[in-house]
Every structure is written in structure tokens, then in C-alpha cells.
Amino acid sequence: MSESLKKIESKDRTVWITQPNETEMLLKRREIAFNVAKGKLVDSNGNIETVMQTAEAFGRGLFEDYLKKDSNDWSMDSWVKPMVENVFNPMGTGATFTKITEDEAKSLIFRCLLHENSGEPQMASLFTYGFLRGMLVSAFPDGELLMGSSIAHGAPMIEFIFKADATGDDRIERERVKKLFTNVSENLMKQND
Amino acid sequence: MPNTLIDGLKERISNAITVNQSVGILLPGNNYSDLIQALFEHMRSRPEDAWVYLSITRSYDSIIKEFKDMPEKKNIKFIDCISRAAGIPPKEPGCIYIESPALLEKIILEITDVFRDLKDDINKYLIIDSLSSLLIYNDTSLVAEFFTHLSNRTRMLGIHTVSLVIEEETDEGLNKTLYLKSDKIIKVRESFI
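Within chain A one finds seven helices and six strands. Computed over C-alpha atoms, the radius of gyration of chain A comes to 16 Å, within 12% of the 16 Å expected from 2.2 N^0.38 for 193 residues, which places it in the range of a compact globule. Principal-axis analysis of the C-alpha atoms gives chain A an extent of 55 × 35 × 35 Å. Partitioning the intrachain contacts of chain A with sequence separation of at least 6 by distance along the chain shows that 62% fall at a separation of at least 24.

Attention now moves to the sheet that holds strand E1 (residues 5-10) of chain A. All names here are of chain A. Pairing in this open sheet of six strands is antiparallel, and the strands run E1-E2-E3-E4-E6-E5 from one edge to the other. Edge strands, defined here as strands with exactly one partner in the open sheet, are E1 and strand E5 (144-147). Averaged over all pairs of adjacent strands, the angle between strand axes in this sheet comes to 25 degrees, irrespective of strand direction. Here E5 pairs with strand E6 (residues 158-163) via four bridges, running antiparallel. From the neighbouring strand, methionine 147 faces E6, where its bridge partner is phenylalanine 160.

A few words now on the interface of chain B and chain A. Across the boundary between the two partners, chain B contributes 25 residues, which contact 24 residues of chain A. Of all elements in the fold, only helix H2 (32-44), helix H3 (60-66) and helix H5 (131-137) of chain B reach the threshold of two or more residues within the side of chain B that touches chain A. The element best represented in the side of chain B that touches chain A is H2 of chain B, accounting for three residues. Classifying every residue of the side of chain B that touches chain A gives 10 nonpolar, 10 polar and five charged.

If you look at the biggest cluster of nonpolar residues, it comprises 121 residues, and the most contacted ones within it are Phe127 of chain A together with Ile25 and Leu54 of chain B. Counting residues per element, this core draws most heavily on helix H5 (residues 121-139) of chain A, at 10 residues. Discounting chain neighbours no more than four positions away, the residues touching leucine 54 of chain B are Ile79, Ile107, Ile111, Leu126, Ile127, Ile128 and Asp129 of chain B.

Moving on, we come to the sheet that holds strand E2 (residues 50-55) of chain B. Pairing between sheet strands relies on hydrogen bonds along the backbone, with the strands arranged either parallel or antiparallel. Residues and elements named next belong to chain B. In space, the seven strands of this open sheet follow the order E4-E3-E2-E5-E6-E1-E7, with parallel pairing throughout. Where the open sheet ends on each side, the last strands, each with one partner, are strand E4 (95-97) and strand E7 (184-187). The mean angle between the axes of side-by-side strands here comes to 15 degrees, regardless of whether they run parallel or antiparallel. Where strand E3 (residues 76-80) lies against E4, three bridges are found, and the strand directions are parallel. For isoleucine 79, the partnering residue across the bridge sits in E4 and is isoleucine 96. Strands E2, E3, E4, strand E5 (124-129) and strand E6 (159-166) of the sheet are contacted by helix H4 (residues 104-116), whose axis makes an angle of about 165 degrees with E2. Helix H7 (residues 172-181) contacts strand E1 (22-27), E6 and E7 of the sheet and is inclined by roughly 155 degrees relative to E6.

Each value, and the rule that gives it
- Residues numbered from 1 in each chain as written.
- Chains lettered and ligands numbered in written order.
- Predicted model: local features only at pLDDT ≥ 70, side-chain atom pairs only at ≥ 80, totals over all residues.
- Helix = DSSP H or I, 4+ residues; strand = E, 2+ residues; numbered from the N terminus.
- Rg over C-alpha atoms; globule rule 2.2 N^0.38 Å.
- Contact = placed C-beta atoms within 7 Å.
- Pairing = 2+ DSSP bridges.
- Axes fitted to C-alpha atoms, helices over the stretch in contact; angles between N-to-C directions.
- Nonpolar A, V, L, I, M, F, W, Y, C, P; charged D, E, K, R; others polar.
- Core = buried A, V, L, I, M, F, W, Y, C linked by C-beta atoms within 7 Å.
- Buried ≥ 20, exposed ≤ 12 C-beta atoms within 10 Å, placed from the backbone.

Now the structure itself:
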């Protein structure tokens, strides 16, 4: 594979950094899905679950179109590389992966064009969580996406942990994230008043 | 509320860096965005001083999307340690792009070079955003050694330094070095502002 993830090594530390190279088609596709999610949020009187479902459906679509062909039997490290090449890089996402193993990957997103261009960091974070989760569980039905820090809450980077096998505690993450972003609906409804 | 927070931070930073040669700022990740706003406002308010902003956390193109006037500020130079590693093409002549955040010696050389050409009677400031982000790419001992070396060099050249450390990213070893090499430590806590 061409260098979709660049390895950086220093003493006993190894990390991998994405190579963002935006393509108009994928950016447009994401923008449309993002706007659909916003529209559904308004139509549903601020039901966050509709955003999550729309974003997850978008993520499942990306998996079908760009990743499914690569394998029937995924491991986390075999999933991360095509995901970065076909989704992160064309979306202009700058991320550092500090861990990639058979069953877990950890990433820190330092450049997210959706956050930068939409002017709606809360909605962008929620949507990004949703579509990454949709892509992840398409490959790992027992997996879960955990969200650490988020730019929308003032942090410098968004931290995601991709897990192939979720623990009991991990399984409540989707609901936790929805609660974290309840103000998304309040803000959007205010804008539409 | 955010404006009060930013104003409070700006005042604390302004007071601290005028009197002290080296200031360490320890902050929770969720206050990063407010602190950066305060730092940029402070830089804007001091056009007679020379500033170097070392960014390991975010790419320069992301920074100038948020702070659009920065490329016009001739007294503020940026050193971007992340874009080239992520294959983001350098676009701005006002920024120095380092190949990788693991090239610590090169970072020191570039900082020294930028300040070398300035007149002696100008106040010089270096902002490191952030020391803890260097830990993503480098071992603690290397970052501590880098910071010690850099602090000695900046002190010798009469450069004031402001070093950011994000609590969630740091470790005991780096904190120890920060305390040792800083004249003043600012601990950011919303309740103290």
C-alpha cells in the first residue's frame, strides 16, 4: 500500500500519522449527510438519536462502498489502514494513531475539516462519532467506539479508541456520547427559531 | 461566561510573562480552546514584541482558519511541527515547517534561527503549544532533555518562554522538568479565574 499512514519512530515510541489529501467527492458526500442529519434534528424537535442514526447510516454506507471489498474477516490493524486510505485521508482528516493492534486502535484527530468549516463543532463532533461508529460496527459487530476528549468541548484534539470487542462498560458509550451532546439540539433549535 | 474566562486568562498570562522569563501553564484539556484564545489576544495586543509560536498540537492551516489575521502579523512567526509529517503541503511563507515532531534538535535550531536576526532591544517571546503534545511522538526523557536544552538556550538569549502542558497528556517526568525549568507555573482552573 502507498503511504496512507506515515510511521514516526523515536527511541521506543512508534506512532502513525494520516496523510490527508482531500477529494471533493467525499467531502461533498459528507456535507450532504451532515446537512441531512441537521435537518432531521430540526424535524424531530431536537431528537439526538436521529443525528446518531443518520451518521451511523452514512458510516455504514462508506464501509459498503470503500472497505467491505477488502476483507470478510477483519482485525483492527487490517481495518485501520484501508479506513485511513479511503476515508480519513480523502476527508482531509489529520490524525495520529498512537496504538494499532489486532483488536484496538487509538487515534488523536488534530485536523478535522468538518469542525473547521461547518462552524458547528458540537454537531460536527457528534456526527463524526456517529459515522465512525457506523463504519466500525460494520466490520466489528461486537465492537465499540469510545470518545475521549473532544474539540467541541474545548480540547485540542478528538480522541477515539476503536475496539473490536467491547466490554460491558464500553457498551454504554453510545448513550454517554448522546448525553454529552444534548446541547447540540438546544443550539440548533435556537438557530431555527 | 467564556469571555470572562478568556479575559481572566489573558490577564494572568500577561502579568506572568512580563515579570518572569519562563512560564509553564498546566491546564485541563477542556480549557485549551479558551487559553489559546487568550494567548492570541495577548499576542495581538503586543505588536511591538517579537513572538514565535511553536505548534505541535495543530497544523498551521487549522490555526489560521481560526485566527485569520495571523498571516498578516509580521511580528508573529509560526513553526509548524505537524503538517509536513502529515503530508499537508506548506502554503504560507510566514511559517516554518519542520519535517517531524520527533526532530527535536531541528526544532531548537529553527527557534534559535528565527530569534537570531532580531534586534537586542525587542522583547522576545516563545510559545510552546504544547510540551505534552511532544509526548505523543517522543519518549518522556527525550522531551525533558529537549525542554531543558531549549530553556537554557532561551534564557541565555533573553527570550521569554510560555510552555503549555495539557494535564491529560502529560506524565510525572515532564511535569517535574516543567516545574524545575519554569520561573512561574500557572495552573488553570476555572474556579481560580
